[in-house]
Amino acid sequence: MIRRSPYKDLMKYEEILSENLGEGERLFLHYTLIQAKSNLEVAEKSDYFVSPLLFFYGLVALSKILILIKTKTIPREVLHGLTVRIAGEKSVDWTKDYDPRIETVLIKEKGLFPTFYKTISPYSLPEGEKYTLGDLFLFLNKRTSLDTLAIHYLILFLLSMLTRYEPQKWGWAYEKSSFSRELQTYLKIVGRDVYDLWKEKIKL
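1. Concerning the overall build of the protein chain
- A tally of regular secondary structure across the protein chain gives eight helices and three strands.
- When the elements of the protein chain are put in sequence order from the N terminus, they spell out α-α-α-β-β-α-β-α-α-α-α.
- Taken over the C-alpha atoms alone, the protein chain extends approximately 60 × 50 × 30 Å along its principal axes.

Structure representation (structure tokens):
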């Protein structure tokens, strides 16, 4: 049985979303929708070693569409507006069971994430605010002023950075750490959760 892509309907929204947009904005919307759909669909079928990166860039594309629709401006930011702070030494003592929950993301003043956050939340997000991966997973399960879609953005940024630059940490985290079950469950559901939250934000 062929499994239907949960993102198949993404392109159907193009006509609705393109109302009142100029030609340049319509082209941006068209190709960014394709990018979001492609990244999310491939992520669903990919090995865990690359799926965080694909899910993250799928969410980045959805975030750019939200910014466009809410501000009528094409987002031009090339910086993420986020950075990773490695906790402790880069050389890990594997006998002590490296814990990925200590990895930290720090929010910067300028970049795509701060711009995105301003379009979806009434709360301010001060420069220099930082969260550990453990904090962010806890926030998913309780009420917090940090928007849920933004929490996923920060989690996927952290996981994508581990995937790209610290493959040994990511492999251990996913397969052998005390947090592996949570990570495995998260990657099974995050794409659809992000897509559903995005549709709510954009009122589809």
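2. Looking at the layout of surface pockets
- Looking at the largest pocket, its volume works out to about 200 Å³.
- In terms of lining residues, the largest pocket is bounded by Phe137, Leu140, Asn141, Thr148, His152, Phe179, Glu182, Thr185, Tyr186, Ile189 and Asp193.
- Within the residue set of the lining of the largest pocket, elements represented by two or more residues are helix 6 (148-165) and helix 8 (180-201).
- The greatest single-element share of the lining of the largest pocket, amounting to five residues, is contributed by helix 8.
- Among the residues forming the lining of the largest pocket, the class breakdown is five nonpolar, four polar and two charged.

3. What to know about the confidence of the model for the protein chain
- Scored by pLDDT, the protein chain has a mean of 91; 94% of the residues are at 70 or more.
- Taking the mean pLDDT of every element in the protein chain, the minimum, 87, falls on strand 1 (residues 82-85) and the maximum, 97, on helix 3 (residues 51-71).

4. Notes on the environment of Met11
- Following the sequence through the fold, Met11 ends up in the segment before helix 1 (14-17).
- For the pair Met11 and Phe56, spaced 45 residues apart in sequence, the C-alpha to C-alpha distance is 19 Å.
- Among residues more than four places away in sequence, those in contact with Met11 are His30, Leu33, Ile34 and Lys37.

5. With respect to the sheet that holds strand 2 (residues 104-107)
- With antiparallel pairing, the three strands of this open sheet are ordered in space as 1-2-3. In this open sheet, the two strands that pair with only one neighbour each are strand 1 and strand 3 (130-132). Pairs of neighbouring strands in the sheet enclose a mean axial angle of 25°, with direction left out of account.
- As paired strands, strand 1 and strand 2 are joined by four bridges and run antiparallel to one another. Within strand 2, the residue paired with Leu82 across the bridge is Ile107.
- Each of strand 1, strand 2 and strand 3 touches helix 6; the most contacted strand, strand 1, lies at about 55° to it.

6. Looking at the pattern of salt bridges
- Across all of its chains, the model carries seven salt bridges by this definition.
- A salt bridge links Arg192 to Glu44; the shortest N-O distance between them is 3.6 Å. Taken as a pair, Arg192 in helix 8 and Glu44 in helix 2 (residues 23-45) lie far apart in primary sequence, 148 residues in all.
- For Arg192, a relative accessible area of 29% translates into the label partly exposed.
- Residues Lys199 and Asp196 are paired through a salt bridge, measuring 3.9 Å at the closest nitrogen-oxygen approach. With a gap of three residues between them, Lys199 and Asp196 both fall in helix 8, about one helical turn apart.

7. Notes on helix 8
- Between its first and last C-alpha, helix 8 extends 30 Å over 22 residues, near the 32 Å set by a 1.5 Å rise per residue.
- Bending of helix 8 peaks at approximately 45° at the position of Ile189.
- By the burial criterion, the buried members of helix 8 are Ser180, Leu183, Tyr186, Leu187, Val190, Gly191, Val194, Tyr195, Leu197 and Trp198.

Rules and cut-offs
- Residues numbered from 1 in each chain as written.
- Predicted model: local features only at pLDDT ≥ 70, side-chain atom pairs only at ≥ 80, totals over all residues.
- Heavy atoms only, no water.
- Helix = DSSP H or I, 4+ residues; strand = E, 2+ residues; numbered from the N terminus.
- 1 Å grid on protein atoms, 1.4 Å probe; cavity = no way out; pocket = protein on both sides within 12 Å on 5 of 7 lines; lining within 4 Å.
- Points joined across faces, edges and corners; volume = space filled by probe spheres on them.
- Nonpolar A, V, L, I, M, F, W, Y, C, P; charged D, E, K, R; others polar.
- pLDDT = per-residue confidence, 0-100.
- Contact = heavy atoms within 4.5 Å.
- Pairing = 2+ DSSP bridges.
- Axes fitted to C-alpha atoms, helices over the stretch in contact; angles between N-to-C directions.
- Salt bridge = Lys/Arg side-chain N within 4 Å of Asp/Glu carboxyl O.
- Buried < 20%, exposed > 50% of the residue type's maximum accessible area, 1.4 Å probe, protein only.
- Expected span 1.5 Å × (residues − 1).
- Bend = angle between axes of the 7 residues up to and from the residue.

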